[in-house]
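Descriptive structure summary
The lines below spell out each chain.
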Amino acid sequence: MAPIKTATLLSLCIALAACGNETVANNMQAPVENVANAAEPANPMQANGVGGKSVAFTKGESEFRVSWPAAAAAIAPLNAMLQESAEKQRKETEDGIRAEEASAKEAGYPFRGYSYTEDWSVAADVPTLLVLRSEGYSYTGGAHGMPLVKVLYWDKAGNEALEASDLFDIAALGRAVKDRFCAALDAERTKRRGEPVGSGEGSPIPEFDQCVDPTKQTIIAATSGGGALNRLHFVIMPYEAGPYAEGIYEIEVPVDAAVLGAVKPSWKGAFAAAQ
């Protein structure tokens, strides 16, 4: 088995898209229950089944949970990386709870709890790659928290976490999907808003009527029917393509010849055009 090529925490930061593909904002606008298509915290036992792992605690109104499925737990270096990351996040959450409780007491406002959940599941499992996605929620005080979506690509032969940029020529991928991505995004915006994009008397935030860069979103490769990777999911967090109340946008783009052309040579065998 080949050694892990990078330090575990650095690899995880890269793979989980926390270094560029995940948008996080806190303590703004409406309560979270108004968010459409928010990433609901999953039941880890239901999502991950027998053999899955988790790190969790509940303290009053506060909760913490990170879980991952048996398919990830069975790969020793990946399991160790997820365990280390979960323990680090647990400590940060416990420290945050103590700090927020102290602030609430000192300022005389009610402590409303503090939450972090992150439940990993298998998006695709092909001979060369295991693709995991997580869905969760972070609340650190204020009017509302934020949903979380991350991706982890695991190179089975190399025993290392990868970025989307390891799989794709990112510039070429952007050109390959831009038209279909932007059309699908506007169609979903129209559905949620009840009117065509830009049809009102002027948007209060014109940026929410513009397309966003698909390559700067969380890119999750997936499969239909259990074969090669033939779908790309672009996950757009609140405040990127629309206001908080519109929630997460997840745009699916089937793999075609143009997308295959953007796949780097060493990973072409993992992908196939959608039928």
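Residues numbered from 1 in each chain as written. Predicted model: local features only at pLDDT ≥ 70, side-chain atom pairs only at ≥ 80, totals over all residues. Heavy atoms only, no water.

**Some words on the sheet that holds strand E9 (residues 249-254)**
Adjacent strands of a sheet form backbone hydrogen bonds with each other and so pair up, either parallel or antiparallel. Here we have 3 strands laid out as an open sheet, ordered E7-E8-E9, and antiparallel in their pairing. Of all strands in the sheet, those with a lone pairing partner are strand E7 (218-222) and E9, marking the two edges. Direction aside, the axes of adjacent strands within the sheet are offset by 25 degrees on average. Here 5 bridges tie E7 to strand E8 (residues 231-236), and the two strands are oriented antiparallel to one another. Residue pairing in the sheet places Thr-218 in a bridge with Val-235 of E8. Here helix H6 (residues 170-193) sits on the sheet in contact with E7, E8 and E9, set at roughly 135 degrees to E9. (Pairing = 2+ DSSP bridges. Helix = DSSP H or I, 4+ residues; strand = E, 2+ residues; numbered from the N terminus. Axes fitted to C-alpha atoms, helices over the stretch in contact; angles between N-to-C directions. Contact = heavy atoms within 4.5 Å.)

**Notes on the pattern of salt bridges**
The tally for this structure, following the rule as stated, stands at 16 salt bridges. The salt bridge partner of Asp-95 is Arg-98, with a shortest N-O separation of 2.4 Å. Remark: Arg-98 and Asp-95 occur in helix H4 (residues 76-107); sequence separation between them is 3 residues, near one turn of the helix. Of the residues examined, Asp-95 reaches a relative accessible area of 32% and is grouped as partly exposed. Of the residues examined, Arg-98 reaches a relative accessible area of 47% and is grouped as partly exposed. Across the salt bridge formed by Arg-192 and Glu-188, the nearest N and O atoms sit 2.8 Å from each other. With Arg-192 and Glu-188 both in helix H6 and 4 residues apart, this pair spans about one turn of that helix. For Arg-192, a relative accessible area of 26% corresponds to the partly exposed category. (Salt bridge = Lys/Arg side-chain N within 4 Å of Asp/Glu carboxyl O. Buried < 20%, exposed > 50% of the residue type's maximum accessible area, 1.4 Å probe, protein only.)

**A look at the packing of aromatic side chains**
Going through the model one piece at a time under the given rule, you end up with 5 aromatic pairs. Centroid distance Phe-168 to Phe-271: 5.3 Å. Interplanar angle 65 degrees. Geometry classified as edge-to-face. Placement of Phe-168 in the loop between helix H5 (164-167) and H6 and of Phe-271 in the segment after helix H7 (257-262) is noted, with a sequence separation of 103 residues between them. Three or more aromatic residues joined by ring pairs make a cluster, and in this case those are Phe-57, Phe-64 and Tyr-116. (Phe/Tyr/Trp six-rings, centres within 6.5 Å; stacked < 30°, edge-to-face > 60°.)

**Section: the pairing of E8**
With 6 of its 6 residues buried, E8 lies for the most part within the structure. Residues Arg-231, His-233 and Val-235 line one face of E8 and the alternating positions Leu-232, Phe-234 and Ile-236 line the opposite face, and both faces are buried. Bridge count for E8 against E9 is 6 bridges, and the pairing is antiparallel. Note that in E9 the partner of Val-235 across the bridge is Glu-250.

**Details of the state of the cysteines**
Tallied over the full model, the rule gives 1 disulfide. Cys-182 shares a disulfide with Cys-211; S-S distance 2.1 Å. On the sign convention where negative is left-handed, the bridge of Cys-182 and Cys-211, at about -90 degrees about the S-S bond, is left-handed. Taken together, the residues Cys-182 in helix H6 and Cys-211 in the loop between H6 and E7 connect sequence positions 29 residues apart. Its relative accessible area of 36% is what places Cys-211 among the partly exposed residues. (Disulfide = S-S within 2.5 Å.)

**As for unusual backbone geometry**
Non-glycine residue Asn-159 carries a positive phi angle of around 50 degrees. In this fold, Asn-159 is placed in the loop between strand E5 (146-155) and strand E6 (160-162).

**Describing H4**
Taking 1.5 Å per residue, 32 residues should reach 46 Å; H4 reaches 46 Å between its end C-alpha atoms and fits that length. Along H4, the residues that are buried comprise Pro-77, Leu-78, Asn-79, Met-81, Leu-82, Ser-85, Ala-86, Thr-93, Gly-96, Ile-97, Glu-100 and Ala-104. Looking at the residues trailing H4, positive phi occurs at Gly-108, about 80 degrees. (Expected span 1.5 Å × (residues − 1).)

Geometric descriptors of this kind do not, in isolation, establish any biological role.
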